[in-house]
Amino acid sequence: MSERLVFRDVRVLDGTGAPPLAADVSIVGERIERVGSVPSGYQEIDGRGRYLTPGFVDVHSHDDAAVLTLPDLEFKLSQGCTSVVVGNCGFGLSPLTGAEPPGNASLFGVERPRFARVRDYLSAVTSARPAVNVATLVGHANLLSSVLGAEERSPSREERAAMRSLLASALEDGAVGLSTGLIYRPGRSATLEELAELAALCGERDLIYTTHIRSESDRLLPAVEEAIEIGRLARCRVQISHHKASGKRNWGKTLQTHARFAAARAQGVDIAFDVYPYTAGSGPLVEYFDPARPDLDLLEVSRIASCPPFPELEGRMLVELAAEAATDVPTFVTRILAAPGGERTLCITFTMGDEDLERNLSHPHALIGSDGLVDLSGKPHPRLFGTFPRVLGHYVRERGLLALPEAIRKMTHASCERFGLEERGRIAEGMIADLVLFDADTVTPRASYDDPKRTPSGIECVVVNGAMAYRSGAISRAGRVLGPRRAARV
Ligand SMILES: [Zn+2]
């Protein structure tokens, strides 16, 4: 699907953080042909008054199943997103031999496919031809479950060797790194030593280790120390996923985490993080609720996003629902989880402070990732449809927290560099044409907590691999599988 297109009279932000340049940008086939003055003879797109930037990269998505089952990915493409990284927080659809981690059901739905090898998953992605490009990490929980089955325990020496060889073949198949989810079953039982041993395989190949760290609340600081130590031992890039300080008593701790990142970087540990632009998180209710020791502070600020057995609860705060049912919140939650399908309930938790969020967004080493969970049945967190427009509309235009070129850098060039995605993320002659044309004065995420499934306004055209992929709401699918930087392969 090759085209000859020109974006005429646009303000180009090249993705590096450089100031805008007034130019025409032409595309021939899949690549950017010229940035400057372009003659006639192309299909013309009038870009006056608008910005043309590289397509946005969602470095933290859970679109693993969606790229196969909902390949139009309107919720991503309509934000200007042209590539997603899947396999996050330790979970994915491959490699899966034998058992499957329990988190997969709530993250990827009941009808989720599964693949023994990463290369099988990636060829299914190629056949599905999703609307955006896809790079995958290898989930640590997948390695554990594939080797240990449903048991949650420490692997033996032989089992650790089996996990390493499973990871090595997954990286050979084209995965871009390893991810962990250290608050979830079964990843939480892993020791620092086991994790460093696996992450070392990424270090040897110049690939990334991403981590949903062991605590994002009371034990945030030791959890950050662990991530730094893994980076030091494994000699790999470390990416803390959806960095946050959760729970009011922990607000302000990002001052300390940022100081630790700076000190670790000064000692040669390449640690950074990504963040979504909201003060609420979202995840499976069952993972947030320990019946033996319910976290009342957390339940107090939680609402139901989707609830297969009781859809009428969607969008409501747990405290209100429990009061109406004349019971306490833990009892109410126990009832939800006990119902058939109740374990797939997703909740939204209002746990973060604005100052930490803004400090994270403006950090020079922060990238943007949505952490969107693709359950369109209820009222999902608005980050699924709104992440990138919210950064541009709210944090750049309304709050002035970031300059526009810097915000774009955190969504494009910096993301591709960090995850080893080559030939993308920058507007320059010869680069692959993943592009977005938008109006910086009007771009707005229309998705809200109460009405979360609305596409944004102000995103006018999206080009994926040189093909017009999104224009006036019409979608055409041109995504591909992205592998790691070729030079990095051993
Ligand atoms: Zn996570």
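Residues numbered from 1 in each chain as written. Predicted model: local features only at pLDDT ≥ 70, side-chain atom pairs only at ≥ 80, totals over all residues.

## Brief notes about the overall build of the chain
Convention followed: Per the convention used, a helix needs a DSSP run of H or I reaching at least four residues, while a strand needs a run of E reaching at least two, with both numbered from the N terminus. Values of the radius of gyration come from C-alpha atoms, whereas the globule rule sets the reference at 2.2 Å times the count of residues to the power 0.38. The exposure scheme places C-beta atoms from the backbone and then counts, for each residue, the other C-beta atoms within 10 Å of its own, assigning buried at 20 or more, exposed at 12 or fewer, and partly exposed in between. A pair of residues counts as a contact when their C-beta atoms, built from backbone coordinates, are within 7 Å of each other.
Helix and strand content of the chain: 17 helices and 21 strands. Against the globule reference of 23 Å for 490 residues, the chain gives a C-alpha radius of gyration of 22 Å, in line with a compact fold. Per-residue burial over the chain gives 54% buried out of 490 residues. Taking all contacts inside the chain whose residues are at least 6 apart in sequence as the whole, residues at least 24 apart take part in 76%.

## Comments concerning the domain arrangement of the chain
Heads up, the rule is: An automatic or database domain assignment provides the domain bounds reported here. Classes in brief: Ala, Val, Leu, Ile, Met, Phe, Trp, Tyr, Cys and Pro nonpolar; Asp, Glu, Lys and Arg charged; the others, Gly included, polar.
Segmenting the chain into domains produces domain 1 (3-53 + 438-445 + 452-476), domain 2 (54-279 + 351-425) and domain 3 (284-347). Put simply, the middle of domain 2 and the middle of domain 3, counted by C-alpha atoms, are 26 Å apart. Facing the 13 residues of domain 2 at the interface are 14 residues of domain 3. Of the residues belonging to the side of domain 2 that touches domain 3, the class tally is four nonpolar, seven polar and two charged.

## Regarding the nonpolar core
As a rule of thumb, nonpolar side chains are buried together in soluble globular proteins. Going by this rule: The nonpolar core is taken to be a set of buried Ala, Val, Leu, Ile, Met, Phe, Trp, Tyr and Cys residues joined by way of C-beta atoms within 7 Å.
Counting residues in each nonpolar core, the largest one holds 148 residues, and the members touching the most others are L167 and A199. Broken down by element, this core gets its largest block of residues, seven residues, from helix 8 (residues 220-234). In this view, A199 contacts L178, Y209, I230, A234 and C236; residues no more than four positions away in its chain are not counted.

## What about the sheet that holds strand 16 (residues 346-350)?
This is how it is decided: DSSP bridges decide pairing: two strands pair if at least two such bridges lie between them. Each axis is a line fitted through C-alpha atoms, and for a helix only the stretch in contact is used; angles between axes span 0 to 180 degrees, taken between their N-to-C directions.
The strand order across the open sheet formed by three strands is 14-16-15, and the pairing between neighbours is antiparallel. Looking at the sheet topology across the chains shown, the edges are occupied by strand 14 (280-284) and strand 15 (302-306). The average undirected angle you get between the axes of adjacent strands in this sheet is 30 degrees. Direction of pairing for strand 14 relative to strand 16: antiparallel, over a ladder of five bridges. By the bridge assignment, G283 is partnered in strand 16 with C347.

## Section: helix 4 (residues 118-128)
Structurally, the α-helix is built with 3.6 residues per turn, so residues lying three or four positions apart point the same way. In plain terms, the rule: What the arc covers is the set of directions going from the helix axis to the C-beta atoms.
Residues V118, Y121, L122 and V125 constitute the buried set of helix 4. The buried residues of helix 4 occupy an angular sector of 95 degrees when projected down its axis, which confines them to one face. Contacts from the buried residues of helix 4 go to helix 1 (66-69), strand 8 (133-136), strand 9 (138-139) and helix 6 (157-172).

## Notes on the packing of helix 7 (residues 192-204) against helix 8
Here is the rule: Just so you know how the angles are binned, under 35 degrees is roughly parallel, over 145 roughly antiparallel, 65 to 115 roughly perpendicular, and the rest oblique. A clockwise turn of the near helix away from the far one marks a right-handed crossing, whereas an anticlockwise turn of less than a right angle marks a left-handed crossing.
Packing of helix 7 against helix 8 brings their axes to within 8 Å, and their N-to-C directions diverge by 50 degrees. By the angle class used here, helix 7 and helix 8 are oblique. Classified by chirality, the crossing of helix 8 by helix 7 is right-handed. Contacts from L192, L195, A196, A199, A200, C202 and G203 in helix 7 reach E226, E229, I230, L233 and A234 in helix 8. For the contact of helix 7 with helix 8, the per-class residue count stands at nine nonpolar, one polar and two charged.

## Quick notes on the pairing of strand 20 (residues 467-471)
Bridge count for strand 19 (residues 459-464) against strand 20 is four bridges, and the pairing is antiparallel. From the neighbouring strand, V463 faces strand 20, where its bridge partner is M468. Here strand 19 folds back onto strand 20, and the loop between the two strands holds two residues, one of which, N465, carries a positive phi near 50 degrees. Two strands pair when backbone bridges link them, and strand 20 and strand 21 (residues 474-475) are joined in this way by two bridges, in the antiparallel orientation. Along strand 21, the bridge assignment pairs Y470 with I475. A loop of two residues connects strand 20 with strand 21, the two strands running antiparallel in sequence, and S472 in this loop sits at a positive phi of about 50 degrees.

## Here we look at the environment of D356
Positionally, D356 belongs in helix 14 (residues 354-362). Spatially, the C-alpha atom of D356 lies 47 Å from that of Y42, the residues being 314 residues apart in sequence. Apart from residues no more than four positions distant in its own chain, D356 is found in contact with K244, A245, W251, G252 and T254.

## A few points about helix 13 (residues 329-338)
Along helix 13, the residues that are buried comprise V329, F332, V333 and I336. The arc enclosing the buried residues of helix 13, seen along the axis, measures out at 100 degrees, which places them on a common side. Along helix 13, the residues that are exposed and aim more than 90 degrees away from the buried face are T331 and A338. Tucked into the core, helix 13 has its buried residues touching helix 10 (285-288), helix 11 (296-300) and helix 12 (318-324).

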